[in-house]
Protein chains: 2
Amino acid sequence: MAVYPKGADGQYYFPTMPDVAGIALGTTNAGIKQTLRDDIVLFQMAEGSTCAAVFTQNAFCAAPVHVAKANLVHQPRWLLINSGNANAGTGKQGMDDALASCAGVADVVKAQANQVLPFSTGVIGQPLPVQKIISALPAAYANLRLSNWDKAAKAIMTTDTFPKGVSEVITVDGEAITINGISKGAGMIQPNMATMLGFIATDATISQPLLQHCLSAAVEQSFNRITVDGDTSTNDACVVMASGCSRVPEIVADTPALQIFANALVRVCKQLAEAIVRDGEGATKLIRIQVEQALSDEEAVRVGKTIAHSPLVKTAFFASDPNWGRILAAVGRAGVENMVLEDVQIFLDDVCIVNNGQRAGDYTEEAGQAVMDREEITITVKLGRGTASQEVLTCDFSYDYVRINAEYRT
Amino acid sequence: MAVYPKGADGQYYFPTMPDVAGIALGTTNAGIKQTLRDDIVLFQMAEGSTCAAVFTQNAFCAAPVHVAKANLVHQPRWLLINSGNANAGTGKQGMDDALASCAGVADVVKAQANQVLPFSTGVIGQPLPVQKIISALPAAYANLRLSNWDKAAKAIMTTDTFPKGVSEVITVDGEAITINGISKGAGMIQPNMATMLGFIATDATISQPLLQHCLSAAVEQSFNRITVDGDTSTNDACVVMASGCSRVPEIVADTPALQIFANALVRVCKQLAEAIVRDGEGATKLIRIQVEQALSDEEAVRVGKTIAHSPLVKTAFFASDPNWGRILAAVGRAGVENMVLEDVQIFLDDVCIVNNGQRAGDYTEEAGQAVMDREEITITVKLGRGTASQEVLTCDFSYDYVRINAEYRT
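Residues numbered from 1 in each chain as written. Chains lettered and ligands numbered in written order. Predicted model: local features only at pLDDT ≥ 70, side-chain atom pairs only at ≥ 80, totals over all residues. Heavy atoms only, no water.

Sorry if this is basic, but what is going on with the overall build of chain A here?
Secondary structure assignment for chain A yields eleven helices and 15 strands. In terms of overall dimensions, chain A is globule-like: its C-alpha atoms have a radius of gyration of 22 Å, near the 22 Å expected for 410 residues. Over its C-alpha atoms, taken along the principal directions, chain A stretches across nearly 70 × 55 × 45 Å. Per-residue burial over chain A gives 61% buried out of 410 residues. (Helix = DSSP H or I, 4+ residues; strand = E, 2+ residues; numbered from the N terminus. Rg over C-alpha atoms; globule rule 2.2 N^0.38 Å. Buried < 20%, exposed > 50% of the residue type's maximum accessible area, 1.4 Å probe, protein only.)

Here it is as structure tokens:
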């Protein structure tokens, strides 16, 4: 997985993002958060665009998720995103408000309301200030530009500390295809602020079913492989829009072009997901958990997530403590049948810490400590069972995690 | 579930515990922890005693767990417990050491080594100081008394802040049966210190299979319903010894006597389990999660544990923040099929906070805040699906949890 870009000053910077032909973005401040920051984003897709999406598995998904799911079949042309309010846990009024905001967009842009996909992120359980949103729509519409990616990335932020964007240009049949994406935490990170959101746009030409297939596969390898605290929100969603405005012919099944496109989409999603973990609440370290020699991908992910969700492992990483007993115990309770302790090896970066069911013979605390002092650490677990391997990303668990989540509403 | 006793000074106190005829305890200081505190307990069971046990499900269980499991079939007469060292992650040497400590007991007490069940709790991955333990066994043997429950409860402590004991005397056919139990955290609380342990003794007469049946059922309703951080250790175990020394005739299947005994065992286990949660690392609040109207017990427990494991819920309770959105989101991601948001009700103690898929109409922040300010809080979730109900116990997630677990080895 690529490393998210960091400037010489140690800060993450928003990359230069080219335009995506056929996809325009407009932002404005609707006053939802009562700050000066923009909190509304309008995406416009060129006629003939295709659009695919994946949504939270949370049984109590928010009103806008219900509406977006339903409208996805009506060849959407518009996305409306607001931050500051999740419109979740809002009952029938929440549904009415989500529909009203779509109708508001339709009025302003002269479209059908069911061609609008709504997305909300922010506090759960507060009524959506739908009038504020509707009043702001003409300004968002007037601001539509191909170049507004940085503004959009900022406008969808809630407690994120930096805007997150990734862009990749690939060459297919000698012509360029651009893929841009923006994301925000938190999803599993802070479901109360409700939501991991990802918005990806490309000028590729690709049918909706094939685009959906590519997105689902990419999300499985990226957003579904990150975890900060194991909580999934009521509003999580990831959307990809394909405008069909590039010069590359339609991408169809079983072609090298599809493979190139699908791989690029995976890379973009992985970087967007990684950026979310890097911005995990209170996170001081990025932890890559590489599970190898599993019987299946499912088994590898299961072990990886058990480690990633362990508060004991996460606090040990915060303390830079090479506490291999906690990692071993987490592997042991992952629910893998007939696992043989003696076959398992565990590494911190390149240092073997567990071998033959015990601390590795040549392991030294100094070697383990040297790894733990790093800001990015890979835990590799070799299960000695098969050939499947999968990676899960997480971060450490710090005082600030407790502070941020304990003090959020106060 | 009964409330664990607290003195007028706000401290938990160790209850007065009667003797259990036929069960003697001896403690001593073997110097494992290099403190002045006793760290060895020897239990002696009268001839003809029966003994049942349940052990950790962690695939990487510690050496003493392997030995205790194997010896359980040999009509055990002795338990040897050490704190300060878990003898886990110690490979073949760990097995040799566990067997050597059993042989050491056999030498001193003139028994068979396979009649000894060994238990260890403490740091993972350090060699067991087996010579220190063997050298201390004569003193532990010489100290055997029926009355040593308080000393034993203290000797098995690791980072526990108070010794945990429960006693109940029941009357069956006009005669008394005593059930005593002691426990220690941490199990799910601090698996690195490795271990939730529970030791229960009774003077009842009951066959081993029936005793095992009663214990398994009791553990399922008690120790398996508590969680502090979701981590289960390599050393967790719970043992019940029945000496057969009471005047009550043998307790046999399908009798009122069995029901009375089994119910008392459940109560004792629940109180021992509750004491562990109350001593959860950094815990400031006890949270009872009562899930009602579920389709099955399994479903109720699943929802309860999903709430109990949510760091977002736990930090909100630490902050006394009535953040019902986090509870709702946790219920929603518990993986219950076809759950209907509108049917779910959530209460904080007697205050309804969620109804009809949204914040309850008559809910006020003041009412929620009043509940959250309490030290013991019950979250009741009514799923509106069936008639099953189950309770899960947990505690909040504080700065001290991070501090204790981040600083443990340093």
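What is the right way to look at the packing of helix α1 (residues 63-71) of chain A against helix α2 (residues 91-109) of chain A in this model?
Any two packed helices are characterised by the angle at which their axes cross and by the distance between the axes. Residue and element names in this part refer to chain A. At a minimum axis distance of 8 Å, the contact between α1 and α2 shows a crossing angle of 50°. As summarised for this structure, α1 and α2 are arranged oblique, according to the angle between their axes. In this structure, α1 crosses over α2, and the sense of that crossing is right-handed. For the pair α1 and α2, the contacting residues are Ala63, Pro64, His66, Val67 and Asn71 in the first and Gly94, Met95, Ala98, Leu99 and Cys102 in the second. Across the contact of α1 with α2, the residue classes break down as seven nonpolar, three polar and no charged. (Axes fitted to C-alpha atoms, helices over the stretch in contact; angles between N-to-C directions. Parallel < 35°, antiparallel > 145°, perpendicular 65-115°, else oblique. Left-handed = near helix turned anticlockwise from the far one by under 90°. Contact = heavy atoms within 4.5 Å. Nonpolar A, V, L, I, M, F, W, Y, C, P; charged D, E, K, R; others polar.)

Would you explain the domain arrangement of chain A in this entry?
The accessible area lost on association of the parts is a frequent measure of interface size. All names here are of chain A. Under the domain assignment, chain A is made up of domain 1 (23-278) and domain 2 (286-407). Put simply, the middle of domain 1 and the middle of domain 2, counted by C-alpha atoms, are 33 Å apart. Across the contact, eleven residues belong to domain 1 and 15 residues belong to domain 2. Regarding the contact of domain 1 and domain 2, the summed buried area is about 1,200 Å², with carbon and sulfur atoms giving 54% of it. Linking domain 1 with domain 2 are two salt bridges. A salt bridge links Arg278 to Glu376; its shortest N-O distance comes to 2.9 Å. Where domain 1 meets domain 2, there are four residue pairs in polar contact (both at pLDDT 80 or more). Here the residues of the side of domain 1 that touches domain 2 sort into four nonpolar, three polar and four charged. (Domains from an automatic or database assignment. Buried area = accessible area lost by both parts, 1.4 Å probe. Salt bridge = Lys/Arg side-chain N within 4 Å of Asp/Glu carboxyl O. Polar contact = N/O pair within 3.5 Å; in protein donor to acceptor, adjacent residues only side chain to side chain.)

Before we go on, may I ask you to explain helix α8 (residues 311-318) of chain B in this structure?
The α-helix winds at 3.6 residues per turn, so residues separated by three or four positions along the chain end up facing the same way. Residue and element names in this part refer to chain B. Where burial is concerned, most of α8 is hidden: seven out of the eight residues are buried. Restricting attention to buried positions, one finds in α8 the residues Pro311, Leu312, Val313, Lys314, Thr315, Ala316 and Phe317. Once α8 finishes, Ser320 follows within two positions and takes phi at roughly 55°, a positive value.

How do you make sense of the side chain of B:Asp203 when you look at a structure like this?
Of note, B:Asp203 is situated in the loop between β8 (197-202) and α5 (208-221). In this structure, B:Asp203 is in contact with B:Val20, B:Ala21, B:Ala176, B:Ile177, B:Thr178, B:Ser243, B:Gly244, B:Cys245 and B:Ser246, ignoring residues within four places of it in sequence.

Explain the pairing of strand β3 (residues 50-55) of chain B to me, please; I cannot follow it from the model alone.
Regular strands place their side chains on alternate faces of the sheet. Residue and element names in this part refer to chain B. With five of six residues buried, β3 is to be regarded as a mostly interior element. Pairing of β3 with strand β9 (residues 237-242), which is carried by six bridges, proceeds in the antiparallel orientation. Across the sheet, residue Ala53 finds its bridge partner in β9, namely Val239. (Pairing = 2+ DSSP bridges.)

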